[in-house]
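# Report on the structure
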Amino acid sequence: MTAEQLLAALFNAGIVISVGATVLSLGMSFTVGQLVSPLRRVWLVIAMVVLNALVIPAFAWGIAKASPMNSQYVAGLVLATLGAGSAASLKAAQLARRADLPLAVSLAVVLQLVNIVAVPLWAGKVVTGASISAWDIVKSLLALVLLPLVVGLFVRARYAGHATSWQPELVKAANLALVIAMATGIAANWSTIVSLFGSWVSATAVAIVIVAGVLGLVLGGKSAEVRTTTGLVSAFRFGSLGLVIIGTQLNGNPTYLGPAIVFALIDFILPIALAVEIGHRAGATVPA
């Protein structure tokens, strides 16, 4: 096995473990009742599904194509924007303090389930000139999203004590696996990724994150808590799903992987920084 093949194998394994462990830990964190309760706001949930599964990917694709960035990087960048319901948005909701955490969790779960249908459909449209199987993507997402979620909810319902102790360890495992995946992905495509930072790819990624967040804020309506929640959940894209597609369906092609990793990094840094600032302001307004 060559060094390049080893890095590719570590990247694919890291992404798969990270996604699976993240969703499994999410299932172990809450009961079915806790997840279902916020979903009684039916129209808000439907609007978030439409926004995150249809509107934001369409905007991302349009912005990327209109950007002066090299056209060969458009597909890779857009692939990283297709998934919604990132678990990172839940951490951001905690940091923001004024967000509705139960609503954020419920929306993340719903959006991750919607990804099983929406992401393969979008991926087939975005990637041209390459062999990509929508059914293979669906099977991967069923194994990586639906199965771990069901197992997590079952363990939470049947063995609540164990779930409480296992959940933090799963989060650590997911974070470590993601770090390994990102590190190996960057190492294998170092020259491509370095050339993309400071380029139109980075600027386009920033624009997409801002547009996604603003659309989520507008959808949230008058309530500050709901606005913060929908804004953060929409801004955080589930970029790992795009990386899974690139690794398994596109053989880790640097033309796709480079811009996807750049977007994933920017899409983590900007919303987290915003959440910290919101939390700081919220803390400053609370009397001692």
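Figured I'd write up the structure that's included with this text.

Rules of the game
Residues numbered from 1 in each chain as written. Predicted model: local features only at pLDDT ≥ 70, side-chain atom pairs only at ≥ 80, totals over all residues. Heavy atoms only, no water. Axes fitted to C-alpha atoms, helices over the stretch in contact; angles between N-to-C directions. Helix = DSSP H or I, 4+ residues; strand = E, 2+ residues; numbered from the N terminus. Parallel < 35°, antiparallel > 145°, perpendicular 65-115°, else oblique. Contact = heavy atoms within 4.5 Å. Nonpolar A, V, L, I, M, F, W, Y, C, P; charged D, E, K, R; others polar. Core = buried A, V, L, I, M, F, W, Y, C linked by side-chain atoms within 4.5 Å. Buried < 20%, exposed > 50% of the residue type's maximum accessible area, 1.4 Å probe, protein only. 1 Å grid on protein atoms, 1.4 Å probe; cavity = no way out; pocket = protein on both sides within 12 Å on 5 of 7 lines; lining within 4 Å. Points joined across faces, edges and corners; volume = space filled by probe spheres on them. Polar contact = N/O pair within 3.5 Å; in protein donor to acceptor, adjacent residues only side chain to side chain.

The next subject is the packing of helix 7 (residues 134-158) against helix 8 (residues 160-188). Between two packed helices, the angle of one axis relative to the other and the distance separating the axes together describe the packing. Running from N to C, helix 7 and helix 8 point in directions that differ by 125 degrees, and their axes come no closer than 5 Å. When the axis of helix 7 is compared with that of helix 8, the two are oblique. For the pair formed by helix 7 and helix 8, the contact residues are Val155, Arg156 and Arg158 on the first element and Ala160, Ala163, Thr164 and Trp166 on the second. Looking at the contact of helix 7 with helix 8 residue by residue, the classes come out as 4 nonpolar, 1 polar and 2 charged.

Here we come to the nonpolar core. Membership of the largest hydrophobic core comes to 48 residues, with the highest contact counts inside it found for Leu79 and Leu243. It is helix 13 (residues 254-284) that provides the largest number of residues to this core, a total of 8 residues. The contact partners of Leu79, leaving out residues within four places of it in the chain, are Ala123, Val127, Gly242, Ile246, Leu250 and Tyr256. Formed by 25 residues, the second largest nonpolar core is a distinct cluster that contains Leu35, Ala84, Leu107 and Ala212.

This part covers the layout of surface pockets. Gaps between atoms show up when a probe of the same size as a water molecule is rolled over them. Its volume calculated, the largest pocket comes out at about 990 Å³. Thr22, Ala87, Ala88, Lys91 and Asn175 are, among the 34 residues lining the largest pocket, the residues nearest its centre. Of all the elements in the fold, those that place two or more residues in the lining of the largest pocket are helix 1 (3-29), helix 5 (88-96), helix 6 (101-126), helix 8, helix 12 (239-249) and helix 13. Along the lines of polarity and charge, the residues of the lining of the largest pocket split into 21 nonpolar, 10 polar and 3 charged.

Let us look at the side chain of Thr81. One can find Thr81 in the loop between helix 4 (74-79) and helix 5. Overall, the relative accessible area of 0% leaves Thr81 in the buried class. Within the local environment of Thr81, its side chain forms a polar contact with the backbone oxygen of Val78, the two atoms lying 2.7 Å apart. In this structure Thr81 touches Ala60, Ile208, Arg237 and Phe263, once residues within four positions along its chain are discounted.

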